[in-house]
Amino acid sequence: MKIEGKVAIVSGASSGLGQACAQRLIARGCRVVGLDIAAPRWTPTTGSHDSFTSVVANVVDGESVQAAHDRAIDRFGHIDIAICCAGVLHGERLVGREGPAKLDAFRRVLEINVIGTFNVIRFSAAAMMRNELTEESSERGVIVMTSSIAAFDGQIGQSAYSASKGAVASMTLPIARELGAYGIRVVSIAPGVFETPMMQGASEKVRQPLLEQTVFPKRFGLPHEYAELMEQVIANPMLNGTTIRLDGALHM
Ligand SMILES: NC(=O)c1ccc[n+]([C@@H]2O[C@H](COP(=O)([O-])OP(=O)(O)OC[C@H]3O[C@@H](n4cnc5c(N)ncnc54)[C@H](O)[C@@H]3O)[C@@H](O)[C@H]2O)c1
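Residues numbered from 1 in each chain as written. Predicted model: local features only at pLDDT ≥ 70, side-chain atom pairs only at ≥ 80, totals over all residues. Heavy atoms only, no water.

Novice: Before we go on, may I ask you to explain the pairing of strand β1 (residues 7–11) in this structure?
Specialist: Looking down a regular strand, the side chains alternate between one sheet face and the other. Of all 5 residues that make up β1, 5 are buried, and the element is covered over most of its length. Of the two faces of β1, the one carrying Val-7, Ile-9 and Ser-11 and the one carrying Ala-8 and Val-10 are both buried. Here 5 bridges tie β1 to strand β2 (residues 31–36), and the two strands are oriented parallel to one another. The residue of β2 that forms the bridge with Ile-9 is Val-33. With respect to chirality, the unit in which β1 leads through helix α1 (residues 16–27) into the neighbouring parallel β2 is right-handed. Strand direction decides the pairing type here: β1 and strand β4 (residues 81–84), joined by 4 bridges, are parallel. The residue of β4 that forms the bridge with Val-10 is Ile-83. (Buried < 20%, exposed > 50% of the residue type's maximum accessible area, 1.4 Å probe, protein only. Helix = DSSP H or I, 4+ residues; strand = E, 2+ residues; numbered from the N terminus. Pairing = 2+ DSSP bridges. Right-handed = clockwise from strand over helix to strand, strands pointing away.)

Structure, rendered in structure tokens:
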């Protein structure tokens, strides 16, 4: 799919990977609606003055996510691309010093990372299905979800996070199969460690071993490198129904 002239909804657009994707899409001539629980602290430096709008919403809330989609359609007419980057990280042992883990934290991670992603794409896909196919474009939409290498190589304490990112990877194929009939592709990206506020908050004790296990390049990923893969997923019509690792060969 050609990005220029399209409309995208990006969850988690106020920070990190989502912000990098939103900025990349705008730079390529796409109009973007950012959906995040926090207001963005950035404004586009490229694109036309009306190429970005943001909605403050929780991805787990059905009504506000629907309202964000309605806003995108009112303002820009249609939705062609959905990028799901909203997510949270959490570490906790099953049984810690204080006894069995509390269920609330586990539930919250699953709720935001899995149900939040599903909640966004159900409205995005419904909007995409209404897009007309044209001679220039044989696709109605592209959905990119964010998994993690923790889906496959989860570490001690990552049961909730790994389960949530495994669920994103696992739902990629069935949703791609369902939406293929409408000309909509679905791909997940499983990043290794990326330099975003999420990982910048981690202690050196957590960061250093991860850096040592990264094969090459021996550094963490940069948000623009995630956005480059997102761009390739949108551009390449044969990418569908899969989860792509982007990790410098890091196996945790
Ligand atoms: N940074 C990494 O190393 C890394 C690695 C693998 C996967 N990921 C995944 O990439 C995605 C983006 O993470 P990031 O590194 O950019 O983190 P980040 O913390 O910089 O950005 C996450 C964004 O999601 C938003 N968000 C959180 N909960 C929300 C909710 N309930 N509703 C709406 N918005 C919400 C936050 O406000 C924030 O703007 C996440 O799903 C994360 O799990 C990140």
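There's plenty left to go through after this.
Novice: What exactly am I supposed to notice about the pattern of salt bridges here?
Specialist: When the charged atoms of two side chains with opposite charge come close together, those side chains can pair. Following the criterion strictly, the structure yields 10 salt bridges and no others. The partner of Arg-185 in a salt bridge is Glu-139, and the shortest N-O contact between them spans 2.4 Å. Remark: Glu-139 occurs in the loop between α3 (103–129) and β7 (141–146) and Arg-185 occurs in strand β8 (residues 184–191); sequence separation between them is 46 residues. The class of Arg-185 is buried, set by a relative accessible area of 4%. We classify Glu-139 as buried; its relative accessible area is 13%. Between Glu-204 and Arg-207 there is a salt bridge; the shortest N-O distance is 3.5 Å. Note that Glu-204 and Arg-207 are positioned in helix α6 (residues 204–213) at a spacing of 3 residues, about one turn of the helix. Under the relative-accessibility criterion, Arg-207 is labelled buried at 14%. (Salt bridge = Lys/Arg side-chain N within 4 Å of Asp/Glu carboxyl O.)

Novice: Before we go on, may I ask you to explain the sheet that holds β1 in this structure?
Specialist: Pairing in this open sheet of 7 strands is parallel, and the strands run β3-β2-β1-β4-β7-β8-β9 from one edge to the other. Of all strands in the sheet, those with a lone pairing partner are β3 (52–56) and β9 (243–246), marking the two edges. Each neighbouring strand pair of the sheet contributes to a mean axis angle of 15°, computed without reference to strand direction. Across 6 bridges, the pairing between β7 and β8 is parallel. Of the residues in β8, the one forming a bridge with Val-142 is Arg-185. Sheet strands in contact with α3 are β1, β2, β4, β7 and β8, and its direction is about 175° off that of β7. Where helix α7 (residues 223–235) meets the sheet, it contacts β4, β7, β8 and β9, and its direction lies at approximately 160° from that of β8. (Axes fitted to C-alpha atoms, helices over the stretch in contact; angles between N-to-C directions. Contact = heavy atoms within 4.5 Å.)

Novice: For this particular structure, what's the right way to read the side chain of Ser-14?
Specialist: Checked against the element boundaries, Ser-14 lands in the loop between β1 and α1. For Ser-14, a relative accessible area of 11% puts it in the buried group. When neighbours within four sequence positions are excluded, Ser-14 is seen to be in contact with Gln-19, Asp-36, Ala-38, Ala-39, Pro-40 and Trp-42.

Any functional reading would require information that these geometric values do not contain.
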